[in-house]
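Breakdown of the fold
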Amino acid sequence: MPSHVALLRGVNNLGGKKVAMAELREVVTSLGHADVTTYIQSGNVLFTAPPAAGGTGGGADVAALAAELEQAIAAVLGVRARAVVLSREELARCVRDNPYPGQTDPKLLHAVFLPEVPGPSLAGAERQVRARGSRDQAQVRGRTVYLHTPDGYPRSELRRVLARTGGPTSARLAGTARNWATVSRLLVLCGP
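Computed from a predicted structure; not experimentally measured.

Observations concerning helix 1 (residues 21–30)
Within the sequence span of helix 1, burial applies to M21, L24, V27 and V28. Seen end-on, helix 1 carries its buried residues on one side only, within an arc spanning 115°. The exposed residues of helix 1 that point more than 90 degrees off its buried face are E26 and S30. Count one or two residues on from helix 1 and you reach G32, which has phi positive near 95°.

See below:
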């Protein structure tokens, strides 16, 4: 069973960097990882890290794994893509800690995964968009920002404000969003 998930930012989306999943799997395998598989075309890679890479997936080793992946992808594929690596346990905690369990449409809930725990709260951005009539909400739990967008993610004013103001969806913080269907499926693929 895979021990980690790597999520690449801005890969194979509109205007994004193009990466073939077969080539991505080869790069990850070349780093000594086992059980390498990808899920859909948006840069989701599941793998088992060798024990020397940190075994259980604590904070320091996921950062090292992300840096190693970013360097290898740039060197081999010529693509600079930020990576966020989560241990299986961290992904399970993300699903368990979902503050919007009543949201039944997985396209209206996104998890924005960050390389590290974010700084200030999102309350200011949330107040700003609510004053304009938005129903969007966000909550932070660890390295994950849960973005609830009842009117749809593409139309989300909160998502755009957070990107413009250096928030979790900005290039500066290098967060990468996945809808709840993808988050849930990645956890299933990691196994129990």
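Concerning the sheet that holds strand 8 (residues 176–179)
The strands that make up a sheet pair up through hydrogen bonds in the backbone, lying either parallel or antiparallel. With antiparallel pairing, four strands are arranged side by side in an open sheet as 6-7-5-8. Strand pairing shows two members of the sheet lacking a second neighbour, strand 6 (137–141) and strand 8, which therefore form its edges. Going from strand to strand, the sheet's axes swing by 25° on average, the running direction of each strand aside. Looking at chain direction, strand 5 (residues 109–113) and strand 8 are connected through four bridges and run antiparallel. Residue pairing across strands places F113 opposite T176, the latter belonging to strand 8.

Some words on the pairing of strand 3 (residues 44–48)
A large share of strand 3 lies buried, amounting to five of its five residues. Burial along strand 3 is two-sided: the face carrying N44, L46 and T48 and the face carrying V45 and F47 are both buried. Bridge count between strand 1 (residues 4–8) and strand 3: four bridges; the pairing is antiparallel. Directly across from H4, in strand 3, lies its bridge partner F47. With four bridges connecting them, strand 2 (residues 34–39) and strand 3 associate as antiparallel partners. Its bridge partner lying in strand 3, A34 is registered against T48. Linkage of strand 2 to strand 3, two consecutive antiparallel strands, is achieved through a turn of four residues, within which I40 is found at a positive phi near 50°.

Conventions we followed
Residues numbered from 1 in each chain as written. Predicted model: local features only at pLDDT ≥ 70, side-chain atom pairs only at ≥ 80, totals over all residues. Heavy atoms only, no water. Buried < 20%, exposed > 50% of the residue type's maximum accessible area, 1.4 Å probe, protein only. Helix = DSSP H or I, 4+ residues; strand = E, 2+ residues; numbered from the N terminus. Arc of directions from axis to C-beta. Pairing = 2+ DSSP bridges. Axes fitted to C-alpha atoms, helices over the stretch in contact; angles between N-to-C directions.

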